[in-house]
Amino acid sequence: MFEIDDKVKRVAAYCRVSTDKTDQANSLESQQQFFYEYIRRNPLWELYDIYVDDGISGTNTKKRVAFNQMIDDAKSGKFDLIITKEISRFARNILDSIGYTRELKALGIGVIFLNDNINTLDCDAEMRLAFLSTMAQEESRKTSERVKWGLRRQMEKGVVLGRDMLGYDVRDGKLIINEEGAETVRLIYHKFLDEGKGAHRIAKELRGEGVKTSTRMKDWSYTVILRILRNEKYCGDLVQQKTYTPDYLTHQKKRNYGEIETVTIRNHHEPIISRERFEAVQRELERRKPSQNTVKAFANRYALSGKIACGECGAGFVRRQKKRKDGSMNVKWVCAENVKNGTGRKDNDGTAVGCTTNSVNDRDIKEILQTVVADTMSSRANIINTLLQTVESVVKSVSNNDNTSHFQKEIEKCENKKKKLLDMCLNGYIESKEYREAFDDLNNQIAELEKKLIKEQSNQQMIADKEKIICDIRNYVNAISTGGEWNDTFYRNIVDKIVVYNGRKMDIHLKLIPEKWQSKILAGTQEIEAYERENLSCMCSKPISVSKPLSSGYGME
């Protein structure tokens, strides 16, 4: 026993286990029973309380609720002594061990480490405590390194270490499609890419429709929508080690911005979204990203959002509406620089700010667009015919030879070589440096093979869909010729941009083929002649430019 005086002391006990597994829980029960019996056997001790932290790491004290409560109670003078099993249960951090025991000693409260035979009230206790705390901290560091190494190997083998997410359940380290969630993911991609809606609007609609979120989401928000649109898992890829823990003592995770290498495996699991569609979404996200001169709040809520630009200052136009006296709404598009800094003035340093470009009425610009689309297309039958002929030529020229299985077998061979390399490294046949070099080389080979595989799969998909693609494009292009009634989705797809100038003039740029078909047509067409590819790419994505002087009846205010 450590006690030598005859004054009855109030004693607190502290015990902790570092995980919440069943076997550790049993250990925790045993610890509590041990302390209860140990204190009861000493006639000069009476038990004040047993403080218990279950499933908490000992390398820092921030999340150890019971430990922190014990320290607060000690400061309040509720007990005279603390007993614990060993230093590693109390803290594996030297600063915590020394700091807390010094603080407690200043209050006249000692800490007894039973297994280490230390009572902090003894003269040489701090020296022995520092030595043993250093050993405990070093053991924590080694354990952390072993855990990191093991997790990294698991990642390289394709084991999923994350939790369930919208559209996928994690079962035995594999991503399994959850069809209910997958339907929601497909709906979000449809609203964004096909209907052209922004993240704010999609989130609002999902909330209004009562669409279920995943178990980890509180509610739909624009940030949640953006994460779903950018998550590569939905196209079948797995990227792990997006976060890392730089300090094993604090356990604080940080976003990985290249500090350590991520683990990327393409075509790892069954996709919910096709790769072509996912990549089209990434291009659209990049296109919608606000420029320096564009209002930051742009959310692509309307058909012409982000498509109208000022020809004088280069800023984007923003939508403004005001209620008239008769109750109707006056909706117009205004230069963002004009909104921010007025109609043109000199700043304090003499720099010109603001813009004099007039606003454009929403109703009038829609009427102009309908007229331009109908007039332009009906007078350019040669463009339509040439476009359709080029599309048919490209789609039909794709080779029918299916090399998919060949590339899959080559990838499998490389994966098997990686496993053998790991076994050789673990058994000491090769050094870790040699393992890393060979591993990186195999990863590069796999990446090249996967590119070829994706291209081949695109070829085969195009072969299967070519008649439908040609038919859909023909119907779409023919529909353009009429202009028709105003339809947000239709005009969002066909209008590339509108540039408004002073002098009652605007340039209207139209896209002949929307994004959803461009990626399909241009993907996997390695066999076609170069001039055909260039011709098709140009006709798909280069807009028709139309200068349209505005008559007195049209839209400048």
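Up top is the structure.
Residues numbered from 1 in each chain as written. Predicted model: local features only at pLDDT ≥ 70, side-chain atom pairs only at ≥ 80, totals over all residues. Heavy atoms only, no water.

Peer 1: An account of the pattern of salt bridges is needed here, citing residue identities and associated values.
Peer 2: Under the criterion given, the structure shown has 27 salt bridges. Note that Glu156 is salt-bridged to Arg436, the shortest N-O span being 3.6 Å. Of this pair, Glu156 sits in helix H5 (residues 125-156) while Arg436 sits in helix H14 (residues 432-480), and the two are 280 residues apart along the sequence. The class of Glu156 is buried, set by a relative accessible area of 10%. Across the pair Lys413 and Glu410 runs a salt bridge whose closest N-O atoms are separated by 3.5 Å. Here Lys413 pairs with Glu410, and both are found in helix H13 (residues 404-426), just 3 residues apart, close to one helical turn. (Salt bridge = Lys/Arg side-chain N within 4 Å of Asp/Glu carboxyl O. Helix = DSSP H or I, 4+ residues; strand = E, 2+ residues; numbered from the N terminus. Buried < 20%, exposed > 50% of the residue type's maximum accessible area, 1.4 Å probe, protein only.)

Peer 1: So what about the nonpolar core? Which residues, and what values?
Peer 2: The biggest cluster of nonpolar side chains holds 32 residues, and the ones touching the most others in it are Tyr189, Trp220, Ile225, Ile228 and Tyr234. The greatest single-element share of this core, amounting to 6 residues, is contributed by helix H6 (residues 179-194). Look past the residues within four positions of Tyr234 in its chain and what remains in contact with it is Met165, Leu166, Tyr168, Val185, Tyr189, Ile228, Pro271, Ile272 and Ile273. Counting 25 residues, the second largest nonpolar core, distinct from the first, contains Ile368, Val500, Ile508 and Leu510. (Core = buried A, V, L, I, M, F, W, Y, C linked by side-chain atoms within 4.5 Å. Contact = heavy atoms within 4.5 Å.)

Peer 1: Explain unusual backbone geometry to me, and be specific about the residues and the numbers.
Peer 2: Even without glycine at this site, Asp172 takes up a positive phi of about 55°. Relative to the assigned elements, Asp172 resides in the loop between strand S6 (168-171) and strand S7 (174-177). Under the relative-accessibility criterion, Asp172 is labelled exposed at 79%.

Peer 1: Give me the lowdown on the packing of aromatic side chains, citing residues and values where you can.
Peer 2: Across all of its chains, the model carries 11 aromatic pairs by this definition. Plain terms: the ring middles of Tyr38 and Trp45 are 6.0 Å apart, the flat faces sit at 45° to each other, and that makes the pair tilted. The exposure class of Tyr38 is buried, given its relative accessible area of 12%. Three or more aromatic residues joined by ring pairs form one cluster here, namely Tyr14, Phe67, Phe90, Tyr100 and Phe113. The ring of Tyr302 has Arg319 sitting right over it, with the charged end atom 3.9 Å from the ring centre. Positioned above the aromatic ring of Tyr501, the side-chain terminus of Lys505 is 6.0 Å from the ring centre. (Phe/Tyr/Trp six-rings, centres within 6.5 Å; stacked < 30°, edge-to-face > 60°. Lys NZ or Arg CZ within 6 Å of the ring centre and 35° of its normal.)

Peer 1: Summarise a positive patch on the surface; cite the residues concerned and give the values.
Peer 2: Positive charge collects at one region of the surface, where Arg163, Arg216, Arg227 and Lys253 lie side by side. Within the secondary structure layout, Arg216 lies in the loop between helix H7 (199-209) and helix H8 (222-230). (Patch = residues over 30% accessible without salt bridge, like charges linked within 9 Å, V, L, I, M, F, W, Y side chains within 5 Å. Areas by Shrake-Rupley, 256 points an atom, 1.4 Å probe, with all protein chains shown as cover. Lys, Arg positive; Asp, Glu negative; His and termini not counted. Charge placed at Lys NZ, Arg CZ, Asp CG, Glu CD.)

Peer 1: Quick one: what's the story with the side chain of Thr120, residue by residue and with numbers?
Peer 2: Tracing the sequence through the fold places Thr120 in the loop between strand S5 (118-119) and H5. For Thr120, a relative accessible area of 5% puts it in the buried group. Among the polar contacts made by the side chain of Thr120, one reaches the main-chain amide nitrogen of Val111 at a distance of 2.8 Å. Contacts of Thr120, omitting those with residues within four sequence positions, involve Thr101, Lys105, Ile109, Gly110, Val111, Phe113, Ala125 and Leu129. (Polar contact = N/O pair within 3.5 Å; in protein donor to acceptor, adjacent residues only side chain to side chain.)

Peer 1: Talk me through H13; I want residue IDs and the actual numbers.
Peer 2: Taking 1.5 Å per residue, 23 residues should reach 33 Å; H13 reaches 34 Å between its end C-alpha atoms and fits that length. Looking one or two residues beyond H13, the residue adopting positive phi is Gly428, at roughly 80°. (Expected span 1.5 Å × (residues − 1).)

Peer 1: Can you tell me about the sheet that holds strand S13 (residues 317-323), naming the residues and giving the values?
Peer 2: Reading across the sheet, the 3 strands line up as S13-S14-S17 and stay open at both edges, with antiparallel pairing between neighbours. Of all strands in the sheet, those with a lone pairing partner are S13 and strand S17 (360-361), marking the two edges. Across 7 bridges, S13 lies against strand S14 (residues 329-335) in antiparallel orientation. Along S14, the bridge assignment pairs Gln321 with Val331. (Pairing = 2+ DSSP bridges.)

Peer 1: Lay out the pairing of S6 with the relevant residues and their values.
Peer 2: In this sheet, S7 lies alongside S6 in antiparallel orientation, the contact comprising 4 bridges. Pairing of Asp169 across the sheet is with Ile176, part of S7. Here S6 hands over to S7 after 2 residues, with Asp172 in that stretch at a positive phi of 55°.

Peer 1: An account of the layout of surface pockets is needed here, citing residue identities and associated values.
Peer 2: In this structure, the second largest pocket spans a volume of roughly 820 Å³. Ile265, Glu415, Lys418, Ile446 and Glu450 are the residues nearest the centre of the second largest pocket, which is lined by 31 residues in total. Every element with two or more residues in the lining of the second largest pocket is listed here: H5, strand S11 (263-265), H13 and H14. It is H14 that contributes the most residues to the lining of the second largest pocket, 10 residues altogether. Residues belonging to the lining of the second largest pocket are distributed by class as follows: 9 nonpolar, 9 polar and 13 charged. (1 Å grid on protein atoms, 1.4 Å probe; cavity = no way out; pocket = protein on both sides within 12 Å on 5 of 7 lines; lining within 4 Å. Points joined across faces, edges and corners; volume = space filled by probe spheres on them. Nonpolar A, V, L, I, M, F, W, Y, C, P; charged D, E, K, R; others polar.)

Peer 1: Give a detailed account of the environment of Thr343, specifying residues and quantitative values.
Peer 2: Here Thr343 shows up in the loop between helix H10 (336-341) and strand S15 (345-346). On the basis of relative accessibility, which here comes to 56%, the residue Thr343 falls in the exposed class. Residue contacts for Thr343: discarding those within four places in its chain leaves Asn338, Cys355 and Thr356.

Peer 1: Go over the packing of H7 against H8, please, and point to the residues and values.
Peer 2: Their axes nearest at 8 Å, the elements H7 and H8 cross at an angle of 110°. Relative to H8, H7 is oriented roughly perpendicular. Contacts between H7 and H8 pair Ala199, His200, Ile202, Ala203 and Leu206 from the former with Tyr222, Ile225 and Leu226 from the latter. Its residues assigned to classes, the contact of H7 with H8 comprises 7 nonpolar, 1 polar and no charged. (Axes fitted to C-alpha atoms, helices over the stretch in contact; angles between N-to-C directions. Parallel < 35°, antiparallel > 145°, perpendicular 65-115°, else oblique.)

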